[in-house]
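Below, each chain spelled out in residue letters.
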Amino acid sequence: MARRHLADNALVIVGTLAGSVMSYGFSFALAHQLNQTGYGEIGALLTILLVASIPATAIQAVTARRVARADIADAAALRALTGPLVRWSLLTGVATAIALAALAPAVSALLPAVSTGQVAWTALALIPNALIFCYLGIAQGGSRFTAFTFLFVAPNGAKMAAGLGTGAVGASPGLIMGALAASWFVTAAIAHYALRDMVGKPHLVRGLGYVRELTTASWSLGAVLVLSLLDGLFAAHYVGGDAL
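Residues numbered from 1 in each chain as written. Predicted model: local features only at pLDDT ≥ 70, side-chain atom pairs only at ≥ 80, totals over all residues. Heavy atoms only, no water.

When its secondary structure is counted, the protein chain shows 10 helices and 0 strands. When its helices and strands are written in sequence order, the protein chain yields α-α-α-α-α-α-α-α-α-α. By sequence separation, contacts in the protein chain at least 24 residues apart represent 83% of the contacts at least 6 residues apart. For the protein chain, the exposed surface amounts to about 11,900 Å²; the carbon and sulfur share of it is 69%. (Helix = DSSP H or I, 4+ residues; strand = E, 2+ residues; numbered from the N terminus. Contact = heavy atoms within 4.5 Å. Areas by Shrake-Rupley, 256 points an atom, 1.4 Å probe, with all protein chains shown as cover.)

Dropping the structure here:
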């Protein structure tokens, strides 16, 4: 058992490092493919995406906790538990995407470095992002660490590929974020297939206390994340154009 735990820990560590390198590779590639203004806009859009993804980040924690606490050995019962969690995650992703898209003009006015259209393209990525975090939580809560590692590496690999491909053809920052969103939709579909033995048919179940639990987790995770990103947000507000 101890040897298995060490192997799982090593696998997750390697996967986390690999995924982080791929995520950095997205920015590294675009730094060489875009001019200073375009790269600055990408940086601002990624910061907006991270802040708007706070509920999605909390989804992983909430989902992993619920799956782990249930400790269900029966596959059918496990799928009955995860089906509603996937549906709630989808609704959360759609809600945050609509909210950010609706606020795009205000965000653009607050952060002159980015346009309304660029923010709207960025909002699209919130939908698959929420689903990916849900699948990560299912794998984590079910101690499926091989799947967890794969699901951590896959979206970062897709992100890097989207950046390399769109940057190479000179796409605008908004279209780059749109390509990122498209790659994550594909990743979410792959994640659903990879965990098909654990994930039930998505359906809505009311009265789970899901929103309350997600809100609590979002506050705690969001406070730390926003504080860590304040420098980027201030830069996007006070600096724009070639100076960015």
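Quick look at the side chain of Asn129 now. Among the structural elements, Asn129 can be located in helix α7 (residues 126-141). Here Ser53 takes part through its side chain, which lies 3.0 Å from a polar atom of the side chain of Asn129. When sequence neighbours within four positions are dropped, the list of residues in contact with Asn129 reads Ser53, Ala56 and Trp184. (Polar contact = N/O pair within 3.5 Å; in protein donor to acceptor, adjacent residues only side chain to side chain.)

Turning to the nonpolar core, a few remarks are in order. In terms of nonpolar packing, the biggest core is built from 57 residues, with Ile42, Ile48, Leu100, Val119, Tyr135, Ile138 and Leu195 touching the most fellow members. Tallying contributions element by element places α7 first for this core, with 11 residues. When residues no more than four places from it in sequence are discounted, the contact partners of Tyr135 are Val86, Leu151, Ala188, Ala191, His192, Leu195 and Val199. (Core = buried A, V, L, I, M, F, W, Y, C linked by side-chain atoms within 4.5 Å. Buried < 20%, exposed > 50% of the residue type's maximum accessible area, 1.4 Å probe, protein only.)

The next subject is helix α2 (residues 36-52). Over its 17 residues, α2 extends 24 Å from the first C-alpha to the last, a length consistent with the 24 Å expected when each residue adds 1.5 Å. Within α2, 12 of the 17 residues are buried, leaving the element largely enclosed by the surrounding structure. When α2 is considered as a whole, its buried residues turn out to be Thr37, Gly38, Gly40, Glu41, Ile42, Ala44, Leu45, Leu46, Thr47, Ile48, Leu49 and Ala52. Residue Asn35 occupies the N-cap position of α2, its side-chain oxygen lying 3.2 Å from the main-chain nitrogen of Thr37. (Expected span 1.5 Å × (residues − 1).)

A separate point is the side chain of Glu213. Tracing the chain through its elements places Glu213 in helix α10 (residues 210-238). Ignoring sequence-local partners within four residues, the contact set of Glu213 consists of Val62, Arg65 and Arg66.

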